[in-house]
Amino acid sequence: MHFHGTIGVNQAGNLEIGGVDAIELANRYGTPLYVYDVALIRERARGFKREFEKHGVKAQVAYASKAFSTIAMTQLAAEEGLSLDVVSGGELYTARAAGFPVEKIHFHGNNKSREELEMAIDVGIGCVVVDNFHELALLKDICAEKQAKASILLRVTPGIEAHTHDYILTGQEDSKFGFDLQNGQAELALKTALDDSHFEVLGVHCHIGSQIFETTGFILAAKKIVEKLAYWKNSYSFKTKVLNLGGGFGIRYTDEDRPLPPSAYVSEIITEVKSLAASHSMEMPEIWIEPGRSLVGDAGITLYKTGSTKEVPGVRKYLAVDGGMSDNIRPALYQAKYEAVLASRPLAEAKETVSIAGKCCESGDMLIWDLPLPDSGKQEILAVFCTGAYGYSMANNYNRLPRPAVVFAENGEAALVVKRETYEDLLQHDLPYLSSVKKETARK
Ligand SMILES: Cc1ncc(COP(=O)(O)O)c(C=O)c1O
Ligand SMILES: N[C@@H](CCCC[NH3+])C(=O)O
């Protein structure tokens, strides 16, 4: 068990986060409830930025907003001087609604629509990370029509197999993302873009995967890319301004996870790129990174209320909570593991082992298998740790469960930043099919 950031136990013996009692939060805002430790998000953001400053390297730390995209989070990212990675019109719209400086937004995605690209160009986006030839042609078309020029990065796949879950690998050759670096696609994309006055090619991007604990993959990717950049410098006089090495820095969900401190990833990357650039007589490019999970993952917890139990004699005890795969699909999707405590006695000795079940109509809707807990009473508040990344952002309305509320906690104050959905909200986009007369008939 590990308490991240400001998480601790208060004088009443209850779990607290951001200086606020977790049970009080559950009572005030209901459950399931996402709570973020704002100080920890700030600490992570500053840690990344400091590392670049320490090494005297020009950089952009872009928060990968897919991890948790809301107005409040985007505002926090802006306040901390981060840039922003968005992957859809929806995330871009959210960033705009939050007043995020548009020149610091980078637009990602393997299938951006014409409308999304038009929106990006219309608002004057900082850069578009072009993923494939189809997009290159589409963007050219849009720029020609609007007499605009787009700053772009080319996303390349360096052919790196990072050690992580298959579904969150992205830098390998057989991937839906990016231009292949080895087979000539990346070079052709570069030539095409350089030959076109509608583009300013800022540099290249790669992202090798997510929840990665070693630096080997990043270093290998940097090596392959810089070698190619050196070749492109000689062949096409292309001087890269930017080398974006994506996100993917792992965090500690359970004792099994052994991440490096976030700044250590950055420090090793910088050292490697500096030495590669020097050995290829290249100017040191700006280094951009795109952390998502490592900025917000361990800063988030989810509070649930416990409900029914079921004993399977000799096998296990199920303890169900009032949420599940609808608010956190990661265990079902990636067999992701989490730790949890009872908020009323987080340090109490474990007396039993229970498996935490969600309330959705799926056997696979399990949040935690074999969790040691003290004897739990009725309607306890269970706090699941490290749910800050890809939890709320992947939440859904399966079984018509309304999505939870989200609270930011900092310096003893709590602020509601996303309202809990209501049943009414669920019906907001439903339209009747049968007229009332037909409905009457249907009922008979
Ligand atoms: C292109 C890109 N950048 C950044 C990220 C953020 O990754 P992470 O949350 O692991 O830092 C992702 C997600 O894996 C991604 O696909
Ligand atoms: N959504 C994933 C990671 C994929 C990140 C996006 N490229 C997770 O929950 O771990």
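The shown structure was predicted, so the numbers you read here are calculated from the model rather than taken from an experiment.

A. Structural detail: the sheet that holds strand E2 (residues 15-17). Pairing is antiparallel across the open sheet formed by three strands, whose spatial order is E1-E2-E3. Every other strand in the sheet has two partners, leaving strand E1 (8-9) and strand E3 (20-21) as the edge strands with one partner each. Sheet topology places E2 next to E3; two bridges connect them, and they run antiparallel. For Ile17, the partnering residue across the bridge sits in E3 and is Val20.

B. Summary view of the layout of surface pockets. By volume, the largest pocket amounts to about 1100 Å³. Elements with a contribution of two residues or more to the lining of the largest pocket: helix H3 (71-79), helix H4 (89-97), helix H10 (293-296), helix H11 (330-334) and strand E21 (413-418). Here the second largest pocket defines a volume of roughly 370 Å³. As for the second largest pocket, its lining consists of 18 residues, and the residues nearest its centre are Lys337, Tyr338, Ile368, Trp369 and Asp370. Mapped by element, the contributors of at least two residues to the lining of the second largest pocket are H11 and strand E18 (366-373). When residues of the lining of the second largest pocket are assigned to their parent elements, the largest contribution, seven residues, is made by E18. Counted by class, the lining of the second largest pocket contains eleven nonpolar, three polar and four charged residues.

C. Looking closely at the environment of Arg316. Structurally, Arg316 is set in strand E15 (residues 316-321). Owing to a relative accessible area of 22%, Arg316 belongs among the partly exposed residues under this scheme. For the pair formed by Arg316 and Gly412, sequence separation is 96 residues and the distance between their alpha carbons is 39 Å. Ignoring sequence-local partners within four residues, the contact set of Arg316 consists of Lys310, Glu311, Ser355, Trp369 and Asp370. Polar contacts involving the side chain of Arg316 include one to the side chain of Asp370, which spans 3.0 Å.

D. Inspection of unusual backbone geometry at higher detail. With omega at -10°, the peptide bond leading from Thr31 into Pro32 counts as cis. As for its placement among the helices and strands, Pro32 is situated in the loop between helix H1 (22-29) and strand E4 (33-37). The backbone of Ser237 shows a phi angle near 50°, a positive value even though the residue is not glycine. Relative to the elements of secondary structure, Ser237 occurs in the loop between helix H8 (216-236) and strand E12 (242-244). In this model, Gln335 sits at a positive phi of 55°, which is unusual for a non-glycine residue.

E. Just the side chain of Asn244, in detail. With respect to the helices and strands, the residue Asn244 is situated in strand E12. A relative accessible area of 0% places Asn244 in the buried class. Polar contacts involving the side chain of Asn244 include one to the main-chain amide nitrogen of Gly246, which spans 2.9 Å. The residues contacting Asn244, other than those within four sequence positions of it, are Leu153, Val204, His205, Cys206, Trp288, Ile289 and Glu290.

F. Focus on the packing of helix H5 (residues 114-123) against helix H6 (residues 133-146). Running from amino to carboxyl end, H5 crosses H6 at an angle of 50°, the nearest separation of the two axes being 10 Å. As the angle between them shows, H5 and H6 are arranged oblique. Crossing of H5 over H6 shows right-handed handedness. Contacts between H5 and H6 involve Arg114, Leu117, Glu118, Ile121 and Asp122 on the former and, on the latter, Glu135, Leu138, Leu139, Asp141, Ile142, Cys143, Glu145 and Lys146. Residues belonging to the contact of H5 with H6 are distributed by class as follows: six nonpolar, no polar and seven charged.

G. Looking closely at the nonpolar core. Membership of the largest hydrophobic core comes to 85 residues, with the highest contact counts inside it found for Tyr63, Leu139, Ile152 and Val296. With eight residues, the single largest contributor to this core is H8. Setting aside anything within four residues of it in sequence, one finds Tyr63 in contact with Phe68, Met73, Ala77, Leu82, Ser83, Leu84, Asp85, Pro291, Gly292, Leu295 and Val296.

H. Just the UniProt feature "modified residue: N6-(pyridoxal phosphate)lysine" (unreviewed entry) in the protein, in detail. In the numbering adopted here, UniProt assigns the feature "modified residue: N6-(pyridoxal phosphate)lysine" (unreviewed entry) to Lys66. Along the chain, Lys66 falls in the loop between strand E5 (59-64) and H3. For Lys66, the contacting residues outside a window of four places in its chain are Asp85, Val87, Glu91, Tyr390 and Ser393.

What counts, and where the lines are drawn
- Residues numbered from 1 in each chain as written.
- Chains lettered and ligands numbered in written order.
- Predicted model: local features only at pLDDT ≥ 70, side-chain atom pairs only at ≥ 80, totals over all residues.
- Heavy atoms only, no water.
- Pairing = 2+ DSSP bridges.
- Helix = DSSP H or I, 4+ residues; strand = E, 2+ residues; numbered from the N terminus.
- 1 Å grid on protein atoms, 1.4 Å probe; cavity = no way out; pocket = protein on both sides within 12 Å on 5 of 7 lines; lining within 4 Å.
- Points joined across faces, edges and corners; volume = space filled by probe spheres on them.
- Nonpolar A, V, L, I, M, F, W, Y, C, P; charged D, E, K, R; others polar.
- Buried < 20%, exposed > 50% of the residue type's maximum accessible area, 1.4 Å probe, protein only.
- Contact = heavy atoms within 4.5 Å.
- Polar contact = N/O pair within 3.5 Å; in protein donor to acceptor, adjacent residues only side chain to side chain.
- Axes fitted to C-alpha atoms, helices over the stretch in contact; angles between N-to-C directions.
- Parallel < 35°, antiparallel > 145°, perpendicular 65-115°, else oblique.
- Left-handed = near helix turned anticlockwise from the far one by under 90°.
- Core = buried A, V, L, I, M, F, W, Y, C linked by side-chain atoms within 4.5 Å.
- UniProt positions renumbered as here; feature names shortened; annotations may be inferred.

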